[in-house]
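# Fold and geometry: a report
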Amino acid sequence: MLRRAIITGLATVLVAAGGTAFAEIVSSQPSTAPSFNGPVYAVAHAGDTVYVGGNFTSASAGGRTVARTRLAAFDARTGALHEWKPVADANVRALAVDAGVVYAAGDFDTINGEARDAVAGINATDGTVTPLKHSVLGQPNAIAAGHGRVYLGGRITGVDGQPRSNLAAFTAATGALDTWAPTTDDTVNALAVTGDRVYLGGSFHKTNGVRSTLRLAAVDPATGVLDKTFLPKPVSQVFALAAHPDGVYAALGGLGGRAVSYTRDGQARWTRVFDGDAQAITQLDDVIYVGGHFDKACTTTNNGTRGICTDGSVVRGKLAAVDREGNLLDWAPQANGVAGTRQLAASPRLGAVSAVGDFTMVGGVSRKRYVTFSGVAPRLEKAAIGDVAAYNFDTTISDGTFDDGSGHGHLLRTVSRYGGAPTMIPHGDGQALRFPAKCGVGGGQCPRLILQAEDTPDLNPGTKPLRYGAGVLLSPAETGRGENILQKGYATSGGQYKLQVDGLSGKPSCGIGSGTAVHVARSRTSVADGKWHSLECRRNGPSLAILVDDRLEAVTAVPADLTIDSAEPFTVGGKGVGQNNDQFHGTLDDVWVQIG
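Quick look at the structure, then.

### So, the sheet that holds strand β5 (residues 40–46)
- The strand order across the open sheet formed by 3 strands is β5-β6-β9, and the pairing between neighbours is antiparallel. Bordering the open sheet on either side are β5 and β9 (71–75), each of which pairs with just one other strand. Across the sheet, the axes of successive neighbouring strands diverge by a mean angle of 20 degrees, strand direction being ignored.
- Bridging between strand β6 (residues 49–54) and β9 involves 5 bridges; their strand directions are antiparallel. Following the sheet pairing, threonine 49 is matched in β9 by aspartate 75.

Take a look at the structure:
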């Protein structure tokens with residue numbers, strides 16, 4: 001569910017753990033951006049345009065969803081999609097933009113239906129392919145442009161029948177295979193080009209046959225000759241690189257990830273340690289941004305089994321920031337998911353940082369697989385507080401317990417009877433939760449399942465503005481007399497708010513009540529059609545509205561002083577597990593509540 005944001009002119013200054021103030025950096029609150037229905041692996045900036053690649057088939061922005069097949073472009077400032085829409089027939093893993101051409105590398109065989117094996121040049125304006133066309137044996141992971149060449153890295157054994165050992169290059173002007181051909185003995189994951197070097201990062205142990213060049217090396221950009229003055233010794237696989245005049249920043253995996261700053265001779269200036277792989281890294285001004293599938297940053301460089309921080313940690317969900325001296329900054333947008341952030345890119349022109357990956361929530365708002373942070377602090381349109389509860393069912397704390405993506409800690413725990421159990425199904429790049437199916441008439445022992453969060457005061461809106469909703473998948477065979485999607489409280493016991501599907505018709509409704517009166521806004525449109533729909537309820541003063549797929553369906557009047565302050569738990573999928581529990585029988589995703 002896309003929560004739109006507007007931008008205010010408030011500068012952001014962050015401090016390190018010791019309290020020292022640093023220069024203005026990007027906000028931790030996401031800016032307006034499109035979303036994608038599948039993983040995004042690659043991002044590149046060019047002027048006011050952002051280009052992305054991955055394994056998606058559609059993009060959503062400004063309330064509309066359009067086809068975009070693994071490649072897309074949009075306005076970096078507004079998030080509006082451009083008409084640039086080349087079509088790749090398989091995953092795009094890496095992008096680079098140079099001189100009006102978008103260079104792509106990945107698993108594809110065709111672009112726009114024309115043969116382009118694993119590497120392609122695409123006109124940055126109209127999306128047509130350039131003459132760059134080769135047969136690549138293997139899988140490219142990285143691409144970079146510079147020095148009149150396009151550099152390619154991955155797990156590669158040949159190009160056009162000529163041997164290549166994980167590295168290759170092409171002449172940018174003609175697209176022809178270049179003679180540049182350094183070698184590694186294992187996969188190259190990352191490339192970074194400077195005026196006198198091409199940095200290589202990966203899982204290799206030798207570069208050009210030299211043993212002391214494991215995982216990170218530098219070669220000449222014209223000849224491919226190894227630069228033996230650069231002698232780093234990273235402790236684990238290198239996933240990403242960001243070069244700068246004084247050396248290179250590297251993102252490492254292993255038992256717990258690392259971000260490391262290396263000098264030009266390969267000495268480590270500093271190391272930051274995380275409890276999961278660091279997979280992405282970029283620099284904007286004096287700040288280094290790190291992304292990965294970590295959840296915490298360690299307070300020292302020590303970690304133990306499975307990467308667990310042994311000397312203390314601070315929460316950094318998939319994104320973190322470090323100053324040039326290696327101090328961990330307070331910037332912590334908090335992204336969700338398991339794979340997390342796959343790549344980062346910075347735009348000095350815009351003062352912005354983009355992140356792509358498998359996340360669906362960032363900073364408490366919906367940002368599906370792409371997010372951007374600008375140098376000013378956005379303010380959300382609809383509430384200053386943000387979500388008080390949010391569940392996308394992609395992350396579990398333990399079996400049957402689901403994480404609260406809002407950061408408020410309202411864990412959802414499974415309550416069941418007669419064998420009721422949640423079934424997880426793929427949805428987008430994550431998963432959704434399917435509830436038990438209907439059973440026969442008179443099924444007093446039908447499987448029952450609800451998810452329940454303990455009551456806390458911040459789940460009670462009182463008389464404040466209230467918004468809540470969910471993504472719903474329901475077929476005609478799954479409708480019943482009445483099915484609860486979510487509910488907090490009872491009208492006769494402190495008040496209630498709820499979202500449900502009414503009767504066999506499959507029409508959803510929103511209800512709030514206190515005392516003996518319950519006020520209902522009922523949709524005119526059924527959602528029981530076997531397709532995903534977004535449902536939203538809005539209470540604002542004297543009115544209650546229901547929206548289906550962002551379309552206003554109905555509004556009803558409510559007393560402006562109606563108060564909801566219930567000690568009952570918050571439930572999803574039914575009001576309990578007893579008889580007549582209003583069991584939901586369909587599938588849910590992206591359940592959320594916002595107050596204020």
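### Description of the state of the cysteines
- If you walk through the whole model with that rule in mind, you get 3 disulfides.
- In this model, cysteine 298 is linked to cysteine 309 through a disulfide, with the two sulfur atoms separated by 2.0 Å. Between cysteine 298 and cysteine 309 the disulfide shows an S-S torsion of about -75 degrees. By sign, it is left-handed. Remark: cysteine 309 occurs in the loop between β28 (296–298) and β29 (313–315) and cysteine 298 occurs in strand β28; sequence separation between them is 11 residues. The pair formed by cysteine 298 and cysteine 309 is uniform in burial state, with each residue classed as buried.
- The disulfide bridge from cysteine 510 ends at cysteine 537, spanning 2.0 Å between sulfur atoms. Across the disulfide from cysteine 510 to cysteine 537, rotation about the S-S bond amounts to roughly -85 degrees, and the bridge is consequently left-handed. Here cysteine 510, found in strand β47 (residues 507–514), pairs with cysteine 537, found in strand β49 (residues 532–540); they are 27 residues apart in sequence, far enough to count as distant. Residue cysteine 510 shares its accessibility class with cysteine 537, and that shared class is buried.

About the cut-offs
Numbering of residues starts from 1 in each chain and follows the order in which that chain's sequence is written. Only residues with pLDDT of at least 70 are given local features in this predicted model, and only at 80 or more are side-chain atom pairs given and counted; all residues enter the totals for whole chains, interfaces and linings. Side-chain numbers come from the whole structure's heavy atoms, not from hydrogens or water. The pairing criterion is simple: DSSP has to find at least two bridges between the two strands. Working definition: helices are DSSP H or I runs of at least four residues, strands are E runs of at least two. Numbering for both runs from the N terminus. Between N-to-C directions, angles cover 0 to 180 degrees, with each direction set by a line fitted to C-alpha atoms, over the stretch in contact for helices. Pairs of cysteine sulfur atoms within 2.5 Å are identified as disulfides in what follows. Accessible area is worked out with a 1.4 Å probe on protein chains only. A residue is then buried under 20% of its type maximum, exposed over 50%, and partly exposed in between.

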